[in-house]
Amino acid sequence: MDDQDYTHELMRSGQVSGCISTRATPFQGGECHYLGTMRYLCLATPAFRDRYFAQGTTHTALAQAPTIRFSNKDDLHPQFLDKAAGYRGAFPHFTLPTPQGFVELTRLGLAYSLLPEQMVDDDLQTGRLVDLFSGQFTDLPLYWHHWRVESPIAQILTEALTAYCSHHLRQ
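The notes below deal with the structure included here. In this text, all values refer to a predicted model and were calculated from it rather than measured experimentally.

Analysis parameters
Residues numbered from 1 in each chain as written. Predicted model: local features only at pLDDT ≥ 70, side-chain atom pairs only at ≥ 80, totals over all residues. Heavy atoms only, no water. Helix = DSSP H or I, 4+ residues; strand = E, 2+ residues; numbered from the N terminus. Buried < 20%, exposed > 50% of the residue type's maximum accessible area, 1.4 Å probe, protein only. Contact = heavy atoms within 4.5 Å. Salt bridge = Lys/Arg side-chain N within 4 Å of Asp/Glu carboxyl O.

Tracing the sequence through the fold places Gln64 in helix H3 (residues 59-64). On the basis of relative accessible area, Gln64 is assigned to the exposed category, the value being 51%. In contact with Gln64, not counting residues within four places along its chain, are Tyr52 and Pro92.

Given below as structure tokens:
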């Protein structure tokens, strides 16, 4: 598991036979399939919002409120803050390389984070989580890369993955 902007390096180096990436261009000797777009929303619990963002998503609040990053390679959060609030400064953060961990820490009110909308629909509907930047989001197009010559099991995986994503990601 790695940041989606870096998984292609694992494939190119031969460590994996396929990967999900944000890169649309296939590798030499490889194939690339568009899976869909994953939308990320910037979410927190109402109590977290009230504690850190009582005056709104100001630059001062963004510099103090803890958030979560997948890894030190993860640029999604700083890019979102720049786009949504014009904020380019430092911010306190946890590093946690698991999407489910992001959701759980956010639900516990320990941080705010960018979460895939598919993982938190119920949380948003019930008010358990709130959108800190209503109407603003980040869409990441995702692609499945694999080598052209692959085993029957790898072909089945490619078919299953593309079918699943065609129904569960934005197309």
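Now that the structure is up, let's keep going.
For the rest of this paragraph, the subject is helix H5 (residues 99-107). Note: α-helices contain 3.6 residues per turn, so residues at a spacing of three or four share the same orientation. All of the buried residues in H5 are Gly101, Phe102, Val103, Leu105 and Thr106. Buried residues along H5 sit in contact with strand E2 (30-44), strand E3 (67-69), strand E5 (113-116) and helix H6 (117-126). Immediately beyond the C-terminal end of H5, within one or two residues, lies Gly109, with a positive phi of roughly 80°.

Take the pattern of salt bridges next. All chains considered together, the criterion is met by 8 salt bridges. Across the salt bridge formed by Arg69 and Asp75, the nearest N and O atoms sit 4.0 Å from each other. Residue classification places Arg69 among the buried positions, given a relative accessible area of 12%. What makes Asp75 partly exposed here is its relative accessible area of 31%. A single network of salt bridges, built from pairs that share partners, joins Glu104, Arg107, Asp123 and Arg128.

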